[in-house]
Amino acid sequence: MVKVKLLEDEQEYLLSKIRFLGKRVRVVEGDYLKKRMLEASRKALERYGVGQGMVSEEASG
């Protein structure tokens, strides 16, 4: 496990790096980052038509 502490205005930068890593990263703390990762995964699934309706807030924790 890797723990990262950062300023609030650096969250979008970190999010872009997390998205690049894809499934190899799981956000376990930080409501904002969890929400943004869920949004990004939904958009990607919609874009490629994979797993319609499989990603839900309940599944994310």
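Residues numbered from 1 in each chain as written. Predicted model: local features only at pLDDT ≥ 70, side-chain atom pairs only at ≥ 80, totals over all residues. Heavy atoms only, no water.

(A) Inspection of the overall build of the protein chain at higher detail. In terms of regular secondary structure, the protein chain is built from three helices and zero strands. In sequence order, the secondary structure elements of the protein chain are arranged as α-α-α. Evaluated residue by residue, the protein chain yields a buried proportion of 16% over its 61 residues. Here the analysis covers contacts within the protein chain between residues at least 6 apart in sequence; of these, 3% occur between residues at least 24 apart. Summing over all exposed atoms, the protein chain offers an accessible surface of approximately 5,500 Å²; the carbon and sulfur share of this is 54%. (Helix = DSSP H or I, 4+ residues; strand = E, 2+ residues; numbered from the N terminus. Buried < 20%, exposed > 50% of the residue type's maximum accessible area, 1.4 Å probe, protein only. Contact = heavy atoms within 4.5 Å. Areas by Shrake-Rupley, 256 points an atom, 1.4 Å probe, with all protein chains shown as cover.)

(B) Spatial organisation of the environment of Val 27. Relative to the assigned elements, Val 27 resides in the loop between helix 1 (11-21) and helix 2 (31-48). Once the C-alpha coordinates of Val 27 and Lys 3 are considered, the two residues, 24 residues apart in sequence, prove to be 9.9 Å apart. Residues contacting Val 27, with those up to four places away along its chain left out, are Ile 18, Leu 33, Lys 34 and Met 37.

(C) Geometry of the confidence of the model for the protein chain. In the predicted model, the protein chain carries a mean pLDDT of 78, and the fraction of residues at 70 or more is 79%. Confidence scores differ between elements of the protein chain, with helix 3 (residues 57-60) showing the lowest mean pLDDT of 49 and helix 2 the highest of 86. (pLDDT = per-residue confidence, 0-100.)

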